[in-house]
Amino acid sequence: MAKKKDKPTLKATIESAAGRENGDSGTSSSLNLKGPAHDLNVKLRRKKGGDGYQVLAPGTPFHEIDLSEVSFLHPPPPPSAFGRLKSWVSKKRLLFPFAVTLGFALAAAVLAPLPPGTLDFELPDIDLTGLGAQWDNVISELNSRLDGTREWLKGRDFKSGLEAQEKGWEAEHPVVLFPGVISTGLESWSTSPESLSYFRQRLWGTSAMIRAIIADKTSWVKQLSLDPITGLDPPGVRVRPAQGLDAASQFIQGYWVWRPIIENLACINYDLNNLEMAAYDWRLSYYNLEVRDHYFSRVKAHIELLKKTQGKKTILTSHSMGGTVVFYFLKWVEAEGYGNGGPNWVEEHIEAFVNIAGTLLGVPKAMTAFLSGEMKDTVELNPAGAYALEKFFSRAERAALFRSWAGSASMWIKGGSAVWGNDTFAPDDPEGATDSHGRFFSFRKAHTPLDANAINADSASPNLTASDASAFVLAHTPTSWQKMMASNYSYGIERDIEQLERNNQDHTKWTNPLEARLPDAPSMSIYCLYGVGKPTERSYWYKEGAFAHDDLESDIDVGVCESDDCNSTAHTMNDLQLSRQSSIDWELNIDDAVPKVVKGVKLGEGDGTVSLLSLGAMCTEGWRREDRRYNPGGIRVVTHEFKHEPDAMELRGGARTGDHIDVLGSAPLNEAVLRIASGRGHELQDHFVSDILRIAKRIQWDE
């Protein structure tokens, strides 16, 4: 009997494949390995120090397997330029934080040419062309190295749902999901000749967006921009939100958003009959959502249908900016001349409002995005990355695109200095603060040394509070943007109850819980669920650049002849006012400052995107005040915080992450959502791990 051949090892398989090609043919460090039960994208990454390689198979137990034993995978150490670029590209949190800046334009920017000599290196010659035929041996070897991981691979996203199922939990109330800003896919319905190639293609979300940006950035920007005057589609362009659960289930393949919650809800008998994604075009102002898409009318009609067919009130579950959309809907649906539902509609149709990581009082990074097209995610890029981003999509271009998206302006910070602090104090200043978050924008004076001892209130000119900053940003935006803000939004604080009542008919107040009251719905509950414990941008150091003409629309008619003889013009480009060009002071780092300063960003408490003030102040204090100023019906409000305790081995933080996006996949949050959906919301109680109770009480609620 012939002796049974030993199963090839991973080392033997790779070396055999390399040997057949003599190790000097086409270079490849990425493989698409497919087998009857597996379809993975496997890459090789050089280990730190250049000593060998690791397998990269994110999302599987085969991730980061050591290949040091493979002799031919020992190239010389890479030059330092490559090391810097590799660190930039391989940041595990590159994609979605950048999406707040411009989706995946940064990913596309990697392909933009860098200055000569920047990348003066070559990848090592690696030929693994023979591996495809021996996939069965490779996967068998990998599995043998990680015995017992098959259970880890099977259904881990359903874990919370399956546990609830075992407890006997079942769907009790219909659920409508409201996604946040940028997480809903947008697709083209344009039929103009230049747009036909994009028809029904995702211009936002999925890999189709990446291809569109790389192929023709100018055309892509034109498709995604809105008319600055009407706030609607420009002539010849029609872009609409994708519909159904897939509209925001994942951003691109492999990067989930709502998928874990949808999967877990399915375990307790949710399906398309009692689970709906209320996807919307997040670029539009909320008023225009109704004008163009009849969005709120459709949401109202669907909830009424659920009540008629299932006899149950609906749970509205939102994430991020979706919480502000829900708040606006609760005001719109009852208002005369708008939803016309009457004063009892919410009480009769809404069981609960589940507000996940809500941006109720705004987001500081929105202010810098509108002012200079920047935020922490962009200033933290290393020089190569910053160069590529600026070359491919400049700060001015990014700011202009942001300003065309009127919907994102709903995240403007609200409450001014009463909430965000004055020039000496902020409610969320940490103990022993050497600087105050109340100085929202501080401009470092020219020639001030980058020394911790030299950076203080006296070395800044000017220091701008939140109220000052709002006026400053508006002054540096086009007049069309200023008009849009005035006709759609309000970001102050109202303390007079009679005026709050009058605001029930003013749609510009309905995105601001400090100027609009909750509905009178005493049987309804609100659950504020959010992560804490992750450094979050809160205030900023800016540096002043050179004077230049603003690329803004002006009230001056440039070049128009206004003299009697028309032989001269009254105004030219040189007559336009020069303004100081500003950007975040990325050179400024003060590790021992309180709060810490990283590349010009003063960090505070939050979920990595939204400040704690915005996440929890209304939930813990504003809506719980004894005078019921903002909560006339005494709606029960529960605040449940989740401490950010990421698993270092998980790209998305694992079961106990508190990150703004990744919290949608955390086990404790999913368990809370399932508890509420199954009619057990009364069991969920307040849970605090931050100092939000003390912080919220320090807000200037009364004059």
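My aim in this report is to walk through the structure given alongside it, one point at a time. Here the structure is a predicted model, which means the values were calculated and not measured. (Residues numbered from 1 in each chain as written. Predicted model: local features only at pLDDT ≥ 70, side-chain atom pairs only at ≥ 80, totals over all residues. Heavy atoms only, no water.)

Here's the deal with helix H24 (residues 667–677)
Put simply, the test is: Categorising residues by exposure relies on relative accessible area from a 1.4 Å probe, with only protein chains included: less than 20% of the type maximum marks a residue as buried, more than 50% marks it as exposed, and the intermediate range marks it as partly exposed. Only DSSP runs of H or I covering at least 4 residues are called helices, and only runs of E covering at least 2 are called strands; the numbering of each starts at the N terminus. In protein, a polar contact means a hydrogen-donor-capable atom and an acceptor-capable atom, both N or O and within 3.5 Å, with residues adjacent in sequence counting only if both atoms are side-chain atoms; elsewhere, any N or O pair within 3.5 Å suffices.
Across the 11 residues of H24, 8 count as buried, placing the element largely inside the fold. Within H24, burial applies to Leu669, Asn670, Ala672, Val673, Leu674, Arg675, Ile676 and Ala677. Backbone nitrogen of leucine 669 and a side-chain oxygen of the N-cap are separated by 3.3 Å at the start of H24; the cap is serine 666. Positive backbone phi, approximately 85°, marks glycine 679, located one or two places after H24.

Points about the pairing of strand E12 (residues 314–319)
What counts is decided by this rule: Strands qualify as paired when DSSP identifies two bridges or more between them.
The element E12 is largely enclosed, with a buried count of 6 among its 6 residues. Burial of the side chains of E12 extends over both faces: Thr314, Leu316 and Ser318 are buried on one face and Ile315, Thr317 and His319 on the other. Pairing of strand E5 (residues 175–178) with E12 involves 4 bridges; the strand directions are parallel. Looking across to E12, one finds that valine 176 is bridged to leucine 316. As judged from the 6 bridges shared by E12 and strand E13 (residues 350–356), these two strands associate in the parallel manner. Within E13, the residue paired with leucine 316 across the bridge is phenylalanine 353.

Looking at the packing of helix H10 (residues 259–266) against H24
Inclusion rule: Only C-alpha atoms enter the line fits that serve as axes; for helices the fit covers just the stretch in contact. Angles between N-to-C directions range over 0 to 180 degrees. Orientation is classified from the angle alone, with under 35 degrees giving roughly parallel, over 145 giving roughly antiparallel, 65 to 115 giving roughly perpendicular, and any other angle giving oblique. Each crossing is labelled by how the near helix is turned from the far one, with a counterclockwise turn of less than a right angle marking it left-handed and a clockwise turn marking it right-handed. Throughout, a contact is declared for two residues whenever any of their heavy atoms are within 4.5 Å. Note on residue categories: nonpolar means Ala, Val, Leu, Ile, Met, Phe, Trp, Tyr, Cys or Pro, charged means Asp, Glu, Lys or Arg, and polar means any other residue, Gly included.
Where H10 meets H24, the axes come as close as 10 Å, and the angle between the chain directions of the two elements is 45°. Our classification of the angle between H10 and H24 gives oblique. Here H10 and H24 pass one another in a crossing that is right-handed. Packed against H10, whose contacting residues are Pro260, Ile261, Asn264 and Leu265, the element H24 presents Leu669, Asn670, Val673, Leu674 and Ala677 at the interface. Across the contact of H10 with H24, the residue classes break down as 7 nonpolar, 2 polar and no charged.

So, the nonpolar core
So the rule is basically this: Only buried residues count toward a nonpolar core, which is a set of Ala, Val, Leu, Ile, Met, Phe, Trp, Tyr and Cys residues joined through side-chain atoms within 4.5 Å.
Counting 148 residues, the largest nonpolar core has Trp204, Phe329, Ile356, Phe441, Leu529 and Trp623 as the members making the most contacts within it. Examining the composition of this core, we find that 7 residues originate from one element, helix H13 (residues 322–332), more than from any other. With sequence-adjacent residues up to four places away left out, phenylalanine 441 is seen in contact with Met367, Thr368, Leu371, Pro462, Asn463, Leu464, Ala469, Phe472, Val473, Tyr540 and Tyr542. Formed by 6 residues, the second largest nonpolar core is a distinct cluster that contains Trp541, Leu588, Ala593 and Val597.

Here we look at the packing of aromatic side chains
So the rule is basically this: Here a Phe, Tyr or Trp ring, Trp counted by its six-membered ring, pairs with any other such ring whose centre lies within 6.5 Å, and the pair is stacked when the planes are under 30 degrees apart, edge-to-face when over 60, and tilted otherwise. Only when the NZ atom of a Lys or the CZ atom of an Arg is both within 6 Å of the ring centre and within 35 degrees of the ring normal do we say a charge sits over the ring.
In total, this model carries 28 aromatic pairs according to the counting rule given. A network of ring pairs unites the aromatic residues Tyr280, Tyr286, Tyr295, Phe296, Tyr328, Phe329, Trp332, Tyr338, Trp345, Tyr489 and Trp510 as a single cluster. Above the plane of the ring of tyrosine 255 lies arginine 652, whose end atom (NZ or CZ) is 3.7 Å from the centre.

Points about the sheet that holds strand E8 (residues 239–241)
One open sheet accounts for 3 strands, arranged E7-E6-E8; its pairing is antiparallel. Each end of this open sheet is capped by a strand with a single partner; those strands are strand E7 (202–204) and E8. Neighbour to neighbour, the strand axes of the sheet diverge by 40° on average, direction disregarded. Strand direction decides the pairing type here: strand E6 (residues 186–188) and E8, joined by 3 bridges, are antiparallel. Within the sheet, the bridge partner assigned to serine 188 lies in E8 and is valine 239.

A closer look at empty space enclosed by the protein
This is how it is decided: Whether a set of points on the 1 Å grid over the protein atoms alone is a cavity depends on a 1.4 Å probe fitting there but being unable to get out, while an open set qualifies as a pocket with protein on both sides within 12 Å along at least five of seven lines; lining residues are those with an atom within 4 Å of a point. Grid points are joined across faces, edges and corners, and a volume is the space filled by probe spheres set on the points.
Scanning all chains against the criterion turns up 3 cavities of 30 Å³ or more. For the second largest cavity, the full set of lining residues is Val175, Leu265, Ile315, Thr317, Val354, Val673, Ile676 and Ala677. Broken down by secondary-structure element, the contributors of at least two residues to the lining of the second largest cavity are E12 and H24. The element contributing the most residues to the lining of the second largest cavity is H24, with 3 residues. Residues of the lining of the second largest cavity, tallied by class, amount to 7 nonpolar, 1 polar and no charged.

Here's the deal with unusual backbone geometry
Cis geometry is found at the peptide bond from valine 594 to proline 595, where omega equals 5°. Summarising the element assignment, proline 595 is placed in the loop between strand E18 (578–584) and strand E19 (597–598). A positive phi is found at asparagine 269, a non-glycine position, where the angle reads about 80°. The residue asparagine 269 is located in the loop between H10 and strand E11 (275–277) in this model. Residues other than glycine seldom take positive phi values, yet arginine 628 does so here, at roughly 55°. Take arginine 628: it is sitting in the loop between helix H23 (612–620) and strand E21 (636–643). By relative accessible area, arginine 628 is classed as partly exposed at 43%.

Notes on the environment of leucine 196
Tracing the chain through its elements places leucine 196 in the loop between E6 and E7. Apart from residues no more than four positions distant in its own chain, leucine 196 is found in contact with Ser190 and Thr191.

Some points on the environment of glutamate 498
Here glutamate 498 is to be found in helix H22 (residues 497–502). In this structure the C-alpha to C-alpha distance between glutamate 498 and arginine 629, which are 131 residues apart in sequence, comes to 9.8 Å.

Thoughts on helix H20 (residues 466–475)
Using the following cut-off: Here the arc refers to the directions that run from the helix axis out to each C-beta atom.
Along H20, the positions that sit buried rather than exposed are Ala466, Ala469, Ser470, Val473 and Leu474. On an axial view of H20, the arc spanned by its buried residues comes to 130°, and they lie on one face. Against the buried residues of H20 lie helix H15 (364–372), helix H19 (416–420), strand E14 (441–444), strand E15 (460–464) and helix H21 (479–488).

Some words on the state of the cysteines
For clarity, the threshold we go by: Two cysteine sulfur atoms form a disulfide, by the criterion used here, when they sit within 2.5 Å.
Taken as a whole, this structure holds 1 disulfide when the rule is applied. Linked covalently through their sulfurs, cysteine 528 and cysteine 619 form a disulfide whose S-S length is 2.1 Å. As the torsion about the S-S bond is roughly -80°, the cysteine 528-cysteine 619 disulfide counts as left-handed. Note that cysteine 528 is positioned in strand E16 (residues 525–532) and cysteine 619 in helix H23, a separation of 91 residues in sequence.

Observations regarding the pattern of salt bridges
Pairing is possible between side chains that carry opposite charge, provided their charged atoms lie close to one another. This is how the line gets drawn: The working definition used for a salt bridge is a side-chain nitrogen of Lys or Arg within 4 Å of a carboxyl oxygen of Asp or Glu.
For the structure shown, the criterion picks out 32 salt bridges. One salt bridge in this structure joins aspartate 233 and arginine 292, with 3.2 Å as the shortest N-O distance. With aspartate 233 in the loop between helix H9 (217–224) and E8 and arginine 292 in helix H11 (residues 286–293), the pair connects residues that are 59 residues apart, well separated along the chain. Judged by its relative accessible area of 16%, arginine 292 is buried. For lysine 509, the salt bridge is made with glutamate 515, and the minimal N-O distance between the two is 3.5 Å. As far as burial versus exposure is concerned, lysine 509 and glutamate 515 are alike and both buried.

By themselves, these are just geometric observations and shouldn't be taken as functional.
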